[in-house]
Amino acid sequence: MKRFLGLFFGLALALPRLVFGEAVDMSEAKAALIAPLQSETAIEQKNEGERYSVAGLCKLPAVLTLALAFDEGLIAPETLMQVSTKAASVGGPTAFLEATEQIAAEELMKAAVMISAGDAIYTLGENAFGSEQVFLQNIEVNLQKLGVSAELSDCIGNGSAFTALDLLLLGQAAAQSPTFVQYAGVYMDELVHPDGRRTELVNANRMIRTYSGCFGLMTGSSRDDGYCGVFAASRNDMPYICVVIGSKNSESRFALATSLFDYVFANFSLVTLSKAYEPLLTEVPVRYGDAKTVNLVPHETVVMLKKKGDGEFTQEWRGDGELTAPLSVETPVGMMAYIDATGAVAYEIALYPEQDVRSYGILDVLRRLAWNFLRG
């Protein structure tokens, strides 16, 4: 399998900092937060910047890196991968792989996502990247791209510490990976070994069965680190990521995640102000150009969070009603302001010409006159 360095997984969108009073009791967790899928800004949070050991969630960077490799076609689902002696000896949750057996990559990925099977994760990484060290390098590159500052000692993440914000960024990337989501929402399945043995896989994230709209993502627990989880749920096209670190037991972990999801779904809505490169203004007049009009587009997708009942945003164009050539797609020509119900500017988005527009000089005018004359 081709070796490669980290796959960039860009997360667009940034919301301005919003401040709300604490609406959910988070006292039984070491840290927690909930945020829209497209933003790093937490609606509710506790100790989001403090670093903690997070039990089995330390494997999330490795599993995400593998999922992105599947998404990019760099790991083919049907590829047979051989289990090494080291992979078979990895501790923790296990798919009960035996050294030298060969098993399809998609079967291993299923075990990696559903139960965080260390032997499956290691086998995938070792085969796909050529060695544990190269696998680790790819994981580290992806962490850098996502803005996650955690340091890893090995590809499984043993001994690593993460903040709730780190886990949010990883969860946002995982929730937008088709491969990760494909398996994260499966509660029960099995892994079939070449010799006919079967390993039952039961997802520890019971919220995929009990909470409407939940589609993943991963949990972890230990005596010292407590009960942790990164959860994703969506209703009415409103996806959120919830992180819980260090709850005292499994019940309190799921109860806190449920309360946070219930709160945001009941009280907030997401409004898409713009989509990257989709016109916000059309057929704006242009003077002295080789086009008479031009559409104006943003270069970013912007989603605003607002409390239900706060009223709608209104648009206000802050630029000329008629533009003058030359115009470049790389140079903004004005701002679209979004005004909230109080009259305050909630957000401003730069708009750019959808296409370059050349200006007409005297030579261009003479050429056009000559062309028109010759055409009669």
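First, a word on what this report is: a plain description of the structure on this page. (Residues numbered from 1 in each chain as written. Predicted model: local features only at pLDDT ≥ 70, side-chain atom pairs only at ≥ 80, totals over all residues. Heavy atoms only, no water.)

## Let's talk about the nonpolar core
Okay, step 1: Core analysis: the largest hydrophobic core is formed by 75 residues, its most contacted members being Met109, Leu124, Phe162, Leu167, Leu170, Phe180 and Ile245.
Okay, step 2: Leaving out residues up to four positions away in the same chain, Leu124 has contacts with Leu66, Phe70, Met81, Ala105, Leu108, Met109 and Ala112.
Okay, step 3: Core analysis: the second largest hydrophobic core is formed by 28 residues, Cys214, Val244, Phe254 and Ala257 among them. (Core = buried A, V, L, I, M, F, W, Y, C linked by side-chain atoms within 4.5 Å. Buried < 20%, exposed > 50% of the residue type's maximum accessible area, 1.4 Å probe, protein only. Contact = heavy atoms within 4.5 Å.)

## Regarding the sheet that holds strand E11 (residues 238-247)
Okay, step 1: Ordered in space as E2-E1-E11-E10-E9, the five strands form an open sheet in which the pairing is antiparallel. Single-partner strands in this sheet number two, and they are strand E2 (44-46) and strand E9 (214-222). Geometrically, the sheet is characterised by an average inter-axis angle of 10 degrees between neighbouring strands, direction not taken into account.
Okay, step 2: Pairing of E9 with strand E10 (residues 226-235), which is carried by eight bridges, proceeds in the antiparallel orientation. The partner of Cys214 across the bridge, within E10, is Ala233. (Pairing = 2+ DSSP bridges. Helix = DSSP H or I, 4+ residues; strand = E, 2+ residues; numbered from the N terminus. Axes fitted to C-alpha atoms, helices over the stretch in contact; angles between N-to-C directions.)

## Quick word on the environment of Ala175
Okay, step 1: You can see Ala175 is positioned in helix H6 (residues 164-175).
Okay, step 2: According to the relative accessible area criterion, Ala175 is buried, its value standing at 12%.
Okay, step 3: It is 9.0 Å that separates the C-alpha atoms of Ala175 and Phe231, two residues lying 56 residues apart in sequence.
Okay, step 4: Setting aside its immediate chain neighbours within four residues, Ala175 contacts Leu37, Val181, Phe215, Leu217, Ala232 and Ile241.

## Some thoughts on the pairing of E10
Okay, step 1: Burial analysis of E10 places seven of its 10 residues in the buried class, which makes it a mostly covered element.
Okay, step 2: In this structure, E10 lies alongside E11, joined through eight bridges in antiparallel fashion. Counterpart to Phe231 in the pairing with E11 is Cys242.

## A closer look at helix H1 (residues 60-71)
Okay, step 1: Across its 12 residues, H1 extends 16 Å between first and last C-alpha, which sits within 8% of the 16 Å expected from 1.5 Å per residue.
Okay, step 2: Buried residues dominate H1, accounting for 11 of its 12 residues.
Okay, step 3: Those residues of H1 that fall on the buried side of the exposure criterion are Leu60, Pro61, Ala62, Val63, Leu64, Thr65, Leu66, Ala67, Leu68, Ala69 and Phe70.
Okay, step 4: The positive-phi residue at the C-terminal boundary of H1 is Gly73, with phi of around 80 degrees. (Expected span 1.5 Å × (residues − 1).)

## Comments concerning the sheet that holds strand E16 (residues 314-319)
Okay, step 1: Strand order in the open sheet made by the six strands is E16-E18-E19-E14-E13-E17, with mixed pairing throughout. Edge positions in the open sheet fall to E16 and strand E17 (323-324), since each of these has one partner strand only.
Okay, step 2: Pairing analysis gives six bridges linking strand E18 (residues 334-339) to strand E19 (residues 345-353), with the strands arranged antiparallel. Bridging from a neighbouring strand, Ala337 pairs with Glu348 of E19.

## Some remarks on helix H5 (residues 132-146)
Okay, step 1: Taking 1.5 Å per residue, 15 residues should reach 21 Å; H5 reaches 21 Å between its end C-alpha atoms and fits that length.
Okay, step 2: Restricting attention to buried positions, one finds in H5 the residues Val134, Phe135, Leu136, Asn138, Ile139, Asn142, Leu143 and Leu146.
Okay, step 3: Summarising the contacts, the buried residues of H5 are in contact with H1, helix H4 (118-129) and H6.
Okay, step 4: Just downstream of H5 lies Gly147, where phi reads positive at about 85 degrees.

## Looking at unusual backbone geometry
Okay, step 1: Looking along the chain, the bond that leaves Ala325 and enters Pro326 is cis, with omega of 5 degrees.
Okay, step 2: Topologically, Pro326 is positioned in the loop between E17 and E18.
Okay, step 3: With phi around 60 degrees, Phe96 is a residue other than glycine that occupies positive phi space.
Okay, step 4: As for its placement among the helices and strands, Phe96 is situated in the loop between helix H2 (85-88) and strand E5 (102-104).
Okay, step 5: The phi angle at Thr100 is positive, at roughly 80 degrees, despite the residue not being glycine.
Okay, step 6: One can find Thr100 in the loop between H2 and E5.

## Thoughts on the side chain of Asp225
Okay, step 1: Locating Asp225 in the fold gives a position in the loop between E9 and E10.
Okay, step 2: One buried charged residue, Asp225, forms no salt bridge at all, with the nearest opposite charge on Lys30 at 5.3 Å.
Okay, step 3: One polar contact links the side chain of Asp225 to the main-chain amide nitrogen of Ala55, over a distance of 2.9 Å.
Okay, step 4: Apart from residues no more than four positions distant in its own chain, Asp225 is found in contact with Lys30, Ser53, Val54, Ala55 and Gly246. (Lys, Arg positive; Asp, Glu negative; His and termini not counted. Salt bridge = Lys/Arg side-chain N within 4 Å of Asp/Glu carboxyl O. Polar contact = N/O pair within 3.5 Å; in protein donor to acceptor, adjacent residues only side chain to side chain.)

## Focus: the environment of Val148
Okay, step 1: In this fold, Val148 is placed in the loop between H5 and strand E6 (161-162).
Okay, step 2: Spatially, the C-alpha atom of Val148 lies 9.7 Å from that of Pro61, the residues being 87 residues apart in sequence.
Okay, step 3: Filtering out sequence-adjacent residues up to four positions away, Val148 remains in contact with Leu143, Phe162, Asp166, Leu169 and Leu170.

## Looking at the packing of aromatic side chains
Okay, step 1: Within this structure, the stated rule accounts for six aromatic pairs.
Okay, step 2: Residues Phe231 and Phe254 carry aromatic rings whose centres are separated by 5.9 Å and whose planes lie at 65 degrees to one another, so their mutual orientation is edge-to-face. Remark: Phe254 occurs in helix H9 (residues 250-267) and Phe231 occurs in strand E10; sequence separation between them is 23 residues. Like Phe254, Phe231 is buried.
Okay, step 3: For the ring pair Tyr263 and Phe268, a centre distance of 5.6 Å and an interplane angle of 75 degrees mean the geometry is edge-to-face. Accessibility classification places Tyr263 together with Phe268 in one group, the buried group.
Okay, step 4: Among the aromatic residues, those joined into a cluster by ring pairs are Tyr211, Tyr240, Phe261 and Phe265. (Phe/Tyr/Trp six-rings, centres within 6.5 Å; stacked < 30°, edge-to-face > 60°.)

All we've got here are geometric facts, nothing functional implied.
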